[in-house]
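# Summary of the model geometry
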Amino acid sequence: MGRIMAIDYGQKRVGFAVTDELQICAHALETVPVAQAFDFLKDYLKKEKVDVIVIGEAKQLDNTPSESCRYIEPFVNRLRKELPNISPGTELARMDERFTSRIAFQTMIDIGLKKKDRQNKANVDKMSAAIILQSYLEQQDLINLRDKEQ
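Before going into details, it helps to say that this report is about the structure given with it.

What counts, and at which threshold
- Residues numbered from 1 in each chain as written.
- Predicted model: local features only at pLDDT ≥ 70, side-chain atom pairs only at ≥ 80, totals over all residues.
- Heavy atoms only, no water.
- Pairing = 2+ DSSP bridges.
- Helix = DSSP H or I, 4+ residues; strand = E, 2+ residues; numbered from the N terminus.
- Axes fitted to C-alpha atoms, helices over the stretch in contact; angles between N-to-C directions.
- Contact = heavy atoms within 4.5 Å.
- Phe/Tyr/Trp six-rings, centres within 6.5 Å; stacked < 30°, edge-to-face > 60°.
- Buried < 20%, exposed > 50% of the residue type's maximum accessible area, 1.4 Å probe, protein only.

### A word on the sheet that holds strand E1 (residues 3–9)
- Strand order in this open sheet of 5 strands is E3-E2-E1-E4-E5, and the pairing throughout is mixed. Strand pairing shows two members of the sheet lacking a second neighbour, strand E3 (26–33) and strand E5 (91–96), which therefore form its edges. Within this sheet the neighbouring strands show an average axis-to-axis angle of 25 degrees, counted without direction.
- Bridge count between E1 and strand E4 (residues 50–57): 5 bridges; the pairing is parallel. Following the sheet pairing, Ile7 is matched in E4 by Ile55.
- Set on the sheet, helix H5 (residues 121–149) makes contact with E1, strand E2 (13–19), E3, E4 and E5; between it and E2 the angle comes to about 40 degrees.

Encoded structure:
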């Protein structure tokens, strides 16, 4: 079984998070500049088996695409185009990323990170990716539970 990876794609930085091999726990992995995101992803996929890549989907409160989509969608399209050549068998999924930055910041306060560490936006980005990934895992658990009940 491979890992599940989540990507929080931003205008300047991209946060990455992954699960353990059993796909149970999500943890923040890395934040890289946008220009290095694809190379980071390729290198990671060469080293680790990844079954699913979950990409944050930017939406507004009324469920319409947010302004950020114009930056995210070209990356997603490139990933869809090149993924079979990078990592056969890996699927792409999308997950709502509304409020993940706020939740990430509050989580960093809750776990006691120093103010200096909380101000580092790279920490917020990789924590946001971990929150996207945890949301995806919880959604999959609910789907599996529903399927077992039917």
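So much for the structure itself; the text now carries on.
### Quick notes on the packing of aromatic side chains
- Here the structure, examined in full by the defined rule, presents 4 aromatic pairs.
- Ring geometry for Tyr9 versus Phe75: centroids 4.6 Å apart, planes at 25 degrees, classification stacked. Of the two residues, Tyr9 sits in strand E1 while Phe75 sits in helix H2 (residues 69–86), which places them 66 residues apart along the sequence. Like Phe75, Tyr9 is buried.
- Ring centres 6.0 Å apart and planes at 80 degrees place the aromatic pair Phe38 and Phe75 in the edge-to-face group. In this pair, Phe38 is assigned in helix H1 (residues 34–47) and Phe75 in helix H2, connecting sequence segments 37 residues apart. Accessibility assignment for this pair places Phe38 and Phe75 in one class, buried.

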